[in-house]
Amino acid sequence: NAGVTQTPKFRVLKTGQSMTLLCAQDMNHEYMYWYRQDPGMGLRLIHYSVGEGTTAKGEVPDGYNVSRLKKQNFLLGLESAAPSQTSVYFCASSWAGVSFHNEQFFGPGTRLTVL
Amino acid sequence: GDSVTQMEGPVTLSEEAFLTINCTYTATGYPSLFWYVQYPGEGLQLLLKATKADDKGSNKGFEATYRKETTSFHLEKGSVQVSDSAVYFCALSFGNEKLTFGTGTRLTIIP
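In this text, all values refer to a predicted model and were calculated from it rather than measured experimentally.

**Some words on the overall build of chain B**
Counting its secondary structure elements, chain B contains zero helices and 12 strands. Secondary structure elements of chain B occur, N-terminal to C-terminal, as β-β-β-β-β-β-β-β-β-β-β-β. For 111 residues, the compact-globule estimate of 2.2 N^0.38 gives 13 Å, and the C-alpha radius of gyration of chain B, at 13 Å, lies within 12% of that figure. Judged by the C-alpha coordinates and their principal axes, chain B covers about 40 × 25 × 20 Å. Put simply, chain B has 111 residues, and 45% of those count as buried. The contacts of chain B with a sequence gap of at least 6 include a subset with a gap of at least 24, amounting to 55%. Per element, the accessible surface of chain B, about 5200 Å² overall, is 47% carbon and sulfur. Of the side chains in chain B, 9 bear a positive and 12 a negative charge, and the two mean positions are spaced by 5 Å.

**Points about the nonpolar core**
Across soluble globular proteins, nonpolar side chains have a tendency to be buried as a group. All names here are of chain B. Among the nonpolar cores identified, the biggest contains 26 residues, and Trp35, Leu47, Leu48, Phe73, Leu75 and Tyr88 are the most heavily contacted of them. With four residues, strand β10 (residues 86-93) is the single largest residue contributor to this core. Look past the residues within four positions of Leu48 in its chain and what remains in contact with it is Leu33, Phe34, Trp35, Gly57, Ser58, Asn59, Phe62, Glu63, Ala64, Phe73 and Leu75.

**Looking at the sheet that holds strand β3 (residues 19-21) of chain B**
Residues and elements named next belong to chain B. With respect to topology, four strands assemble into an open sheet ordered β3-β9-β8-β7, the strand pairing being antiparallel. The open sheet has two edge strands with one neighbour each: β3 and β7 (56-59). With direction set aside, neighbouring strand axes in the sheet form an average angle of 20°.

**Quick word on the sheet that holds strand β8 (residues 73-78) of chain A**
All names here are of chain A. With antiparallel pairing, four strands are arranged side by side in an open sheet as β1-β3-β8-β7. Two strands bound the open sheet, and with one partner strand each, they are β1 (4-7) and β7 (65-67). Pairs of neighbouring strands in the sheet enclose a mean axial angle of 20°, with direction left out of account. Two elements, β1 and strand β3 (residues 19-25), share four bridges in a ladder whose sense is antiparallel. When the bridges of β3 are listed, Thr5 appears paired with Ala24.

Quick notes on the rules
Residues numbered from 1 in each chain as written. Chains lettered and ligands numbered in written order. Predicted model: local features only at pLDDT ≥ 70, side-chain atom pairs only at ≥ 80, totals over all residues. Heavy atoms only, no water. Helix = DSSP H or I, 4+ residues; strand = E, 2+ residues; numbered from the N terminus. Rg over C-alpha atoms; globule rule 2.2 N^0.38 Å. Buried < 20%, exposed > 50% of the residue type's maximum accessible area, 1.4 Å probe, protein only. Contact = heavy atoms within 4.5 Å. Areas by Shrake-Rupley, 256 points an atom, 1.4 Å probe, with all protein chains shown as cover. Lys, Arg positive; Asp, Glu negative; His and termini not counted. Charge placed at Lys NZ, Arg CZ, Asp CG, Glu CD. Core = buried A, V, L, I, M, F, W, Y, C linked by side-chain atoms within 4.5 Å. Pairing = 2+ DSSP bridges. Axes fitted to C-alpha atoms, helices over the stretch in contact; angles between N-to-C directions.

Shown next as structure tokens:
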């Protein structure tokens, strides 16, 4: 099993460009998440999904959109990139249900630089 | 709202030293508690967890005990190694879709 994979690993954008980050998981998890990690701020939740076809806003959703058309994939889009979106982006997934305590499995991250 | 407060780093220790990284939480109710570890250039990995009061989570020589009275979940290891150098995150969850993280503590072990 590959677990959680992210594409691409690195990307450099110019201000105003758009891009999509892809997250895939092969564990049949219901829940999927996108976080950003910035120095001294830990991980902040951007958007999440509790099942195929669903999405919800997290702590810092502005400037991002997401889609979950298939259960195994969760896409994060930046329509018009800004330098403030320079960050490391992590995708995660977990099983549904209180009994699983929301233990999350993380991908290796995507390092995005916006010039 | 729910929050997690971690000991500020960075923390630098010599090999074989004793490690404690403090973590306290604020929450209504009794969450599950986690320690995640992030090695350089990698994503986060679950290190250990505890799902109810007085539970002790343990893995790879690390331990943490869920203390309801002090709302704490301090991470400890008796003898650290250079390979333990990483960033450590404390987190809590109520089993719904949200996981609340602390800001992380960077640990460096020198030989």
